[in-house]
Amino acid sequence: MTRKNFKQELQDEVFPIIAKSAADIGIDCYVIGGFVRDLMLHKKIPKDIDIVAVGSGIALAKKVAEAIPGKPKISVFKNFGTAMIRHKALELEFVGARTESYQADSRKPFVENGSLFEDQERRDFTINTMAISLNQENYGDLIDPFDGIKDLKQKLLKTPLEPNITYSDDPLRMMRAIRFATQLGFTIQDESLLAISSNRDRIKIVSKERIIDEFNKILLSPVPSVGIVLLHETGLLPLLFPELKALQGIEEIEGQRHKDNFWHTLEVVDNISKATDNLWLRWAALLHDIGKAPTKKFDKKVGWTFHGHEFVGSKMVYKLFRRLHLPLNEKMKFVQKMVRMSSRPIILAEDHITDSAIRRLVFDAGNHVEDLMTLCEADITTKNPRKQQRYKNNFKRVRNKIVEVEARDSLRNFQPPVSGEEIMKTFNLKPSREIGIIKEAIKEAILEGEIPNDHDKAFEYMLKKGEKLGLKVNPKR
Ligand code: ATP
Ligand code: MG
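Quantities reported herein were computed from a predicted structural model and do not represent experimental measurements.

> Any chance you could explain the overall build of the protein here in plain terms?
Looking only at helices and strands, one finds 24 helices and 15 strands in the protein. Since a compact globule built from 477 residues should have a radius of gyration of about 23 Å, the 30 Å found for the protein marks it as more spread out than a globular shape. On the principal axes, the C-alpha backbone points of the protein span a range of 95 × 65 × 40 Å. For the protein, the proportion of its 477 residues judged to be buried stands at 50%. Long-range pairs, those at least 24 residues apart, make up 66% of the contacts in the protein with a sequence separation of at least 6.

This is the structure we're talking about:
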């Protein structure tokens, strides 16, 4: 039999405080949503706790804030009828129970006060409708009119209302369905999946920020491809990421086929997710081949080529980030760099690995060289076990070589060992072309291994180079 009371689980000291405050002002209140769901899933109990009051959520929050020792600050959002209290590590969110009615062009509803049941009914999935009572007469009782507990056990995402209504009212719920399916490993009920497909075009009324918020959670899940495949199957993918959709398909000319770069990309994303939780490196994996669709060509001699796809891809990263309101700061630059350099270690590993090639790789990738290697390792998706082993070993050698070269030459975040000022003083020069030429020559000599990355050796080299350029050393320097 399913348990009905969860008093034991309401361990935190705030629950009795909230219960007493509600009793004092004579309203009922409940813990609801994600907190209850995660409690039932025996997951780590979340730090954000949603409290629904049958009455004013703001009034209850004020009462609670007064009753908590230390009287924490309260943030009131009058327009939304909500209030938030931060207490220790907790974030308590208070809202009044409400019903909602929607208009076609907005996901912002008209809101009216309602009963607990009405409030539960407007929520997205049955597993998110479960509430636990904080009222004296039934403290700890699970209030679950939509049998969320059953769906939780069956790992099923189901809407409390007819799915077409739920998704059409607020199309963000389509993203949330796919996100929860990916995060929790749940199945979206068939009717729901169909409703997402039929309502997919309504995603256009959702802000880019909210979409990306959910998508980032998909990308940070243990197996992100689950969500990306669902986006694909419901037809949302081309609306959000036409660039990825364009990677799909295999063409054949004269018996030569190329691989399907969409399915390959999904494998790379899943691979990298075993190695890193870095969201932006996961983005890089997702986008590493997007330049392949526009650069694809068939050549009678060499077959399918994707010349320059890394460079084209890195330009596309900017456009995609801008379109989806992703940050256009160093995060984007990092993703661009990873995409641009994504083939470098591969070319290198296929060849004889020279010190100078490694020095150039470290010089260009800087502090991101390990991330780049992680991306390249994730990019190995061959099903041929011998090839797979060979590629892995090659990359291991590249990694070892990086450590070796690094220890000797410290090329990361390279600073020219001889400064422009020193060059000017030595040859009594004003700012001029020659300085750039000398600096570049010193850098090249270091990367080629002609001289070590060291001031004195670089200075000697500079004198020789200056002489060749016909410069005179300033005797008074
Ligand atoms: P998590 O915090 O892990 O993302 P959550 O379920 O707590 O998951 P929140 O966004 O914190 O998600 O929302 C809290 C609760 O509010 C949900 O459990 C759900 O009941 C309800 N909810 C949130 N967003 C929506 C929505 N777009 N439509 C309907 N109900 C929603
Ligand atoms: Mg939450």
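> So what exactly am I meant to see when it comes to the site of ligand 1 here?
Around ligand 1 sit 15 residues, and of these R37, R123, N128, D170 and R173 come closest. One of the backbone N or O atoms of G34 is found 3.2 Å from an oxygen atom in ligand 1. Here a nitrogen atom of ligand 1 sits 2.7 Å away from a polar atom, N or O, in the side chain of R173. Coverage of ligand 1 by the protein chains reaches 77% of its 580 Å² of free accessible surface.

> Even after reading the chapter, I still don't get the pairing of strand β4 (residues 82-87), so can you show me in this structure?
Moving residue by residue along a regular strand, the side chains alternate between the two faces of the sheet. In terms of burial, β4 is largely enclosed, as five of its six residues are buried. In this structure, the hairpin formed by strand β3 (residues 74-77) and β4 is closed by a connection of four residues, where G81 is found at a positive phi of approximately 65 degrees. Note: β4 against strand β5 (residues 90-96), six bridges, orientation antiparallel. Its bridge partner being in β5, M84 is matched across the sheet by E93. Turn length for the β4-β5 hairpin, with the two strands adjacent in sequence and antiparallel, is two residues, and the turn residue K88 shows positive phi of about 50 degrees.

> What is the right way to look at the domain arrangement of the protein in this model?
Quoted interface sizes are often the accessible area lost when the parts come together. What the domain assignment reports for the protein is domain 1 (7-154), domain 2 (156-240) and domain 3 (420-468). One C-alpha centre belongs to domain 1, the other to domain 3; they are set 68 Å apart.

> Would you mind showing me how to read the packing of aromatic side chains here?
Given two aromatic rings, their pairing is described by the distance between the two centres and the angle made by the two planes. By the definition in use, this model includes 11 aromatic pairs. Ring geometry for F215 versus W283: centroids 5.4 Å apart, planes at 55 degrees, classification tilted. On the criterion of sequence distance, the pair formed by F215 in helix α9 (residues 208-219) and W283 in helix α14 (residues 279-287) is long-range, its members being 68 residues apart. Each member of the pair, F215 together with W283, is buried.

> Which parts of the structure should I look at to understand the sheet that holds β5?
Hydrogen bonding along the main chain pairs the strands of a sheet, whether they run parallel or antiparallel. Strand order in the open sheet made by the seven strands is β3-β4-β5-β2-β1-β8-β9, with mixed pairing throughout. Each edge of the open sheet carries a strand with a single partner, namely β3 and β9 (142-143).

> Sorry, what's going on with the packing of helix α7 (residues 172-184) against helix α10 (residues 225-233) here?
For any two helices packed against each other, the geometry comes down to the angle between their axes and how far apart the axes lie. Orientation of α7 relative to α10, taken along the N-to-C sense of each, is 145 degrees, at an axis distance of 8 Å. For the element pair α7 and α10, the recorded crossing hand is right-handed. Contacts from M175, I178, A181 and T182 of α7 reach α10 at V226, G227, L230 and L231. Split into classes, the residues belonging to the contact of α7 with α10 amount to six nonpolar, two polar and no charged.

> Got a minute to help me understand the pairing of β3 in this structure?
Relative to β4, β3 is paired through four bridges, and the arrangement is antiparallel. Counterpart to S75 in the pairing with β4 is M84.

> Where do I start with the packing of α9 against α14 in this structure?
Look at α9 against α14: their axes get within 10 Å of each other, and the N-to-C directions meet at 90 degrees. In this view, α9 runs roughly perpendicular relative to α14, as classed from their interaxial angle. Between α9 and α14, the contacting residues are I212, F215, N216 and L219 on the first element and L279, R282, W283 and L286 on the second.

> What is the right way to look at helix α24 (residues 455-468) in this model?
Along an α-helix, residues three or four apart share an orientation, since each turn contains 3.6 residues. Taking 1.5 Å per residue as the helical rise, α24 with its 14 residues ought to reach 20 Å, and the 20 Å between its terminal C-alpha atoms agrees with that figure. Where α24 is concerned, the buried positions are A458, F459, Y461, M462 and G466. The arc that holds every buried residue of α24, seen down its axis, measures 165 degrees, which confines them to one face. Residues of α24 that are exposed and point over 90 degrees away from its buried face: D456, K464, E467 and K468.

> Explanation requested: unusual backbone geometry in the structure shown.
Residues other than glycine predominantly adopt negative phi, and peptide bonds predominantly adopt the trans conformation. With phi around 40 degrees, K71 is a residue other than glycine that occupies positive phi space. Structurally, the position occupied by K71 is in the loop between α3 (57-67) and β3. If you check the backbone angles, E254 has positive phi at about 50 degrees while not being a glycine. Tracing the chain through its elements places E254 in the loop between β12 (252-253) and β13 (256-257).

> What's the story with helix α16 (residues 309-323) in this structure? I'm lost.
Across its 15 residues, α16 extends 20 Å between first and last C-alpha, which sits within 8% of the 21 Å expected from 1.5 Å per residue. Of the positions making up α16, those classed as buried are H309, E310, G313, S314, M316, V317, L320 and F321. Seen end-on, α16 carries its buried residues on one side only, within an arc spanning 165 degrees. Backbone geometry just after α16 places H325 at a positive phi near 55 degrees.

> Would you mind going over the pattern of salt bridges with me for this structure?
Using the criterion set out here, one finds 30 salt bridges in the structure. With a closest N to O distance of 3.1 Å, D24 and K20 form a salt bridge. One end of the pair is D24 and the other is K20, both in helix α1 (residues 14-25) and four residues apart, which spans about a single turn. Taking the shortest distance from any N to any O, the salt bridge between D124 and R176 comes out at 2.6 Å. One end of the pair, D124, is in the loop between α4 (116-121) and β8 (131-133); the other, R176, is in helix α7, with 52 residues separating them in the sequence. The class for D124 is buried, based on a relative accessible area of 7%. A single salt-bridge network, built from bridges that share partners, covers R98, E100, R107, D119, R122, R123, D170 and R173.

Calculation rules
- Residues numbered from 1 in each chain as written.
- Chains lettered and ligands numbered in written order.
- Predicted model: local features only at pLDDT ≥ 70, side-chain atom pairs only at ≥ 80, totals over all residues.
- Heavy atoms only, no water.
- Helix = DSSP H or I, 4+ residues; strand = E, 2+ residues; numbered from the N terminus.
- Rg over C-alpha atoms; globule rule 2.2 N^0.38 Å.
- Buried < 20%, exposed > 50% of the residue type's maximum accessible area, 1.4 Å probe, protein only.
- Contact = heavy atoms within 4.5 Å.
- Near = heavy atom within 4 Å.
- Polar contact = N/O pair within 3.5 Å; in protein donor to acceptor, adjacent residues only side chain to side chain.
- Areas by Shrake-Rupley, 256 points an atom, 1.4 Å probe, with all protein chains shown as cover.
- Pairing = 2+ DSSP bridges.
- Domains from an automatic or database assignment.
- Phe/Tyr/Trp six-rings, centres within 6.5 Å; stacked < 30°, edge-to-face > 60°.
- Axes fitted to C-alpha atoms, helices over the stretch in contact; angles between N-to-C directions.
- Left-handed = near helix turned anticlockwise from the far one by under 90°.
- Nonpolar A, V, L, I, M, F, W, Y, C, P; charged D, E, K, R; others polar.
- Parallel < 35°, antiparallel > 145°, perpendicular 65-115°, else oblique.
- Expected span 1.5 Å × (residues − 1).
- Arc of directions from axis to C-beta.
- Salt bridge = Lys/Arg side-chain N within 4 Å of Asp/Glu carboxyl O.

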